[in-house]
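# Architecture at a glance
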Amino acid sequence: MRNEKRLWGVIGLMAVCILVLASLLIARSTNQPESTQSPVPQQRGETDKERIVAKVGNREITIQELQTALERQYGTELLNQLLDREALQLEGSETGTTIGDAEIDRELKRMQQGYESEDRFYASMKDQLGMSKEQIREDVHNKLLLEKLATSKIVITDAMVNDYIKTHPDEFKQETEYNIQQIIVSTKEQANKVLAELAKGEDFAILARDRSLDDATNNSGGDLGWIEGNDPFVEAPILEAAKQLKIGDVSKPVQVQQGFAIVKLKSRRDKENPDQAYIRDNVRKELALQEAPPLKEFVAGLRAKWGVKIMDPQFQ
């Protein structure tokens, strides 16, 4: 349950990333009247829609071309997302359903598991998804509001919660977390060369920066941060290698999708278990979501209730 929720959250962030960027670009170009002068000096009587935003060879790309491409590729999906969110807000206002800052903070704390710090989490979201703190909070707010509305009429008793915890002990046992560095290269021969350099005293982080194929970690010296032993975003051979190491030790080459990995265990720790109230609230919500209609169907019902209608045939 924990890993599925974490995966869902990350996928959700990735799904909205491009749409957020698209909306910013569209808003920037459409919110200005055509007669408004561009802040960039214009040439040849250039209107705002003719403003040049890029050039390749002798080919110039205008803001109008960019806007048209964005609308064609992302417009329908973005418009539907905006309509879904508006329907959720209307339903929330009518039913008095709200999401407090404490709920958002708790969900963000859950999403930050596996990162060394809150700052590292937000930096990663900015680097990988282009999302700011405010955009992430807004996305989490809408996700939690949807879940609360969809489960508002479902009753989960204490006995049901107790039974789930009793029958799924593996989900609630104390987890071990590992602080891992990795270097990924194409061949086993290259991996052995890396091992030889490490044996001569070369710094692991420098070799990771210079040799590793993994763009997500090489600039940080191959550092994966704190991760759980069953993290779904780290290949199993890397996790298994780390579990066998003593702190400070380096593994033999292990085969991964990109080639071969050298793994270093920086540290390990027992993960702090959340309090029992948090566990029970989380189980209660998950059980309610299992009994609720699919969230997509629930949103479709809200759209029908609030009379959502797309007027422009291009986006239907």
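The structure under discussion appears in the preceding block.
Residues numbered from 1 in each chain as written. Predicted model: local features only at pLDDT ≥ 70, side-chain atom pairs only at ≥ 80, totals over all residues. Heavy atoms only, no water.

### Some thoughts on helix α4 (residues 118-129)
Counted at 1.5 Å a residue, the expected span for α4 with its 12 residues is 16 Å, and the 16 Å between its end C-alpha atoms agrees. The complete set of buried residues in α4 reads Phe121, Tyr122, Ser124, Met125 and Leu129. End-on, the buried residues of α4 take up no more than an arc of 155°, which puts them together on one face. Exposed residues lying more than 90 degrees from the buried face of α4 are Asp119 and Asp127. In the stretch just after α4, Gly130 is the one whose phi turns positive, near 70°. (Helix = DSSP H or I, 4+ residues; strand = E, 2+ residues; numbered from the N terminus. Expected span 1.5 Å × (residues − 1). Buried < 20%, exposed > 50% of the residue type's maximum accessible area, 1.4 Å probe, protein only. Arc of directions from axis to C-beta.)

### Digging into helix α7 (residues 188-199)
A rise of 1.5 Å per residue sets the reference length of α7, with its 12 residues, at 16 Å; its end C-alpha atoms lie 16 Å apart and thus fit the reference within 8%. Turning to α7, its buried residues are Ala191, Val194, Glu197 and Leu198. Along the axis of α7, the buried residues cluster in a sector spanning 120°; they form a single face. Facing away from the buried side of α7, by more than 90 degrees, are the exposed residues Glu189 and Ala199. Next to the buried residues of α7 lie β3 (176-185), α8 (204-211) and β6 (259-270). Immediately downstream of α7, the backbone of Gly201 shows phi near 105°, a positive value. (Contact = heavy atoms within 4.5 Å.)

### Thoughts on the packing of aromatic side chains
Counting across every chain of the model gives 2 aromatic pairs. Taking 5.3 Å as the distance between ring centres and 80° as the angle between the ring planes, the aromatic pair formed by Tyr115 and Phe121 counts as edge-to-face. Ring centres 5.1 Å apart and planes at 65° place the aromatic pair Phe121 and Tyr122 in the edge-to-face group. In this structure an aromatic cluster arises from ring pairing among Tyr115, Phe121 and Tyr122. The side chain of Lys133 reaches across the aromatic face of Tyr122, ending 4.8 Å from its centre. (Phe/Tyr/Trp six-rings, centres within 6.5 Å; stacked < 30°, edge-to-face > 60°. Lys NZ or Arg CZ within 6 Å of the ring centre and 35° of its normal.)

### Regarding the packing of α7 against α8
At a minimum axis separation of 10 Å, α7 and α8 run at an interaxial angle of 150°. Relative to α8, the element α7 lies roughly antiparallel. Relative to α8, α7 is oriented so that their crossing is right-handed. Two secondary-structure elements touch here, α7 through Val194, Glu197 and Leu198 and α8 through Phe204, Leu207 and Arg211. Of the residues contributing to the contact of α7 with α8, the split by class is 4 nonpolar, no polar and 2 charged. (Axes fitted to C-alpha atoms, helices over the stretch in contact; angles between N-to-C directions. Parallel < 35°, antiparallel > 145°, perpendicular 65-115°, else oblique. Left-handed = near helix turned anticlockwise from the far one by under 90°. Nonpolar A, V, L, I, M, F, W, Y, C, P; charged D, E, K, R; others polar.)

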